[in-house]
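What follows is the residue order along each chain.
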Amino acid sequence: MSMSNAKILEWWGGAIMYSDAAVLTRDIPKILLQLQPSLPGSNLQAQIIPYVVMASFSIELSLKFILLAGGKDEKTLKKVSHNTEGLFKSLPPDLQDSIKQATLESMRKESSAYSEKEFSDDLSAQKDCFKEWRYFMQGENKSCNIKFLEAFKSACMKIGVIKKNELDATNS
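Thresholds applied
- Residues numbered from 1 in each chain as written.
- Predicted model: local features only at pLDDT ≥ 70, side-chain atom pairs only at ≥ 80, totals over all residues.
- Heavy atoms only, no water.
- Axes fitted to C-alpha atoms, helices over the stretch in contact; angles between N-to-C directions.
- Helix = DSSP H or I, 4+ residues; strand = E, 2+ residues; numbered from the N terminus.
- Parallel < 35°, antiparallel > 145°, perpendicular 65-115°, else oblique.
- Left-handed = near helix turned anticlockwise from the far one by under 90°.
- Contact = heavy atoms within 4.5 Å.
- Nonpolar A, V, L, I, M, F, W, Y, C, P; charged D, E, K, R; others polar.
- Core = buried A, V, L, I, M, F, W, Y, C linked by side-chain atoms within 4.5 Å.
- Buried < 20%, exposed > 50% of the residue type's maximum accessible area, 1.4 Å probe, protein only.
- Salt bridge = Lys/Arg side-chain N within 4 Å of Asp/Glu carboxyl O.
- Phe/Tyr/Trp six-rings, centres within 6.5 Å; stacked < 30°, edge-to-face > 60°.
- pLDDT = per-residue confidence, 0-100.

(A) Representation of the packing of helix H7 (residues 93-110) against helix H10 (residues 146-171) within the structure. Two numbers describe how H7 lies on H10: the axes approach to 9 Å, and their chain directions differ by 140°. In terms of axis orientation, H7 runs oblique to H10. For the crossing formed where H7 meets H10, the hand is right-handed. Contact residues: Leu95, Ser98, Ile99, Ala102, Thr103, Ser106, Met107 and Glu110 in H7; Lys147, Phe148, Ala151, Phe152, Ala155, Cys156, Ile159 and Lys163 in H10. Residues that form the contact of H7 with H10 fall into these classes: ten nonpolar, three polar and three charged.

(B) Fine view of the nonpolar core. In this structure, Leu63, Ile99 and Phe152 are the most contacted members of the largest nonpolar core, which totals 45 residues. Among the secondary structure elements, those contributing two or more residues to this core are helix H1 (5-26), helix H4 (49-69), helix H5 (74-80), helix H6 (84-90), H7, helix H8 (116-125), helix H9 (129-133) and H10. Ranked by the residues each element gives to this core, the list is headed by H4, at 13 residues. Those residues within four positions of Leu63 in sequence are excluded, and the remaining contacts are Thr84, Leu87, Phe88, Leu91, Ile99, Phe152 and Cys156.

(C) Representation of the pattern of salt bridges within the structure. Evaluation of the coordinates by the stated rule reveals eleven salt bridges. As a salt-bridge pair, Glu10 and Lys7 come within 3.3 Å of each other at their nearest N and O atoms. Of this pair, Glu10 and Lys7 both sit in helix H1, three residues apart, which is roughly one turn of that helix. Salt bridges sharing common partners tie together Arg26, Glu150 and Lys153.

(D) Examining the packing of aromatic side chains more closely. If you walk through the whole model with that rule in mind, you get eight aromatic pairs. Ring centres of Phe57 and Phe130 lie 4.3 Å apart, and the angle between their planes is 15°; this geometry places the pair in the stacked category. A residue pair is termed long-range when its members are at least 10 positions apart, and Phe57 in helix H4 and Phe130 in helix H9 qualify at 73 residues. The exposure class of Phe130 is buried, given its relative accessible area of 10%. Relative to Phe152, the ring of Phe88 has its centre 5.8 Å away and its plane inclined at 65°; by these criteria the two rings are edge-to-face. In this pair, Phe88 sits in helix H6 while Phe152 sits in helix H10, placing the two residues 64 residues apart along the sequence. Judged on exposure class, the residue Phe88 and its partner Phe152 are both buried. What links up through ring pairs into an aromatic cluster is the set Phe88, Phe119, Phe148 and Phe152.

(E) Main features of the environment of Ala15. As for its placement among the helices and strands, Ala15 is situated in helix H1. On a C-alpha basis, the gap between Ala15 and Cys156 in space is 9.7 Å, while along the polypeptide they are 141 residues apart. Ignoring any residue separated from it by four or fewer positions in sequence, one finds Ala15 in contact with Ser58, Leu61, Ser62 and Met157.

(F) Region of interest: the side chain of Ser62. Within the secondary structure, Ser62 is located in helix H4. Beyond its immediate chain neighbours, meaning those up to four positions away, Ser62 contacts Trp12, Ala15, Cys156 and Met157.

(G) Geometry of the confidence of the model for the protein. With 87% of its residues at a pLDDT of at least 70, the protein reaches an overall mean of 86. When the elements of the protein are averaged for pLDDT, helix H3 (residues 41-46) gives the smallest value, 59, and H7 the largest, 97.

Structure representation (structure tokens):
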């Protein structure tokens, strides 16, 4: 049985909510440094945790929304769980390419030599960010390419907007 458009749009609402929360938490370290310039570095680094959790969950939800809007069922989503690389690779090739190209374009603003191999490496390295970072205090030190996370989130959200508009058009 296929999911209703209203139910699919709930996934999009979650993606937007967590994306907005990520934006709000992204600049916490900069603000703290302005307020208290002598703050130890480890305290500043810890302040990025909410951003990583919110951004990575936003990516997961936006990819799941795109898949659901494209006709995938919830069973498919449960198989890949929180793995954003698996979700990304479950997308049709044209959507994968759109997200990859938008991410590459953004990353190349920082480093003009950023390659498709680096994209693949970053995607693989960041695939479990939400799962790993939400319980950061319980595990080993984690690493995250914040610039990639932001670029990939932005690209996923752009495709999500297109898919949402398509759903809206079928509802009217």
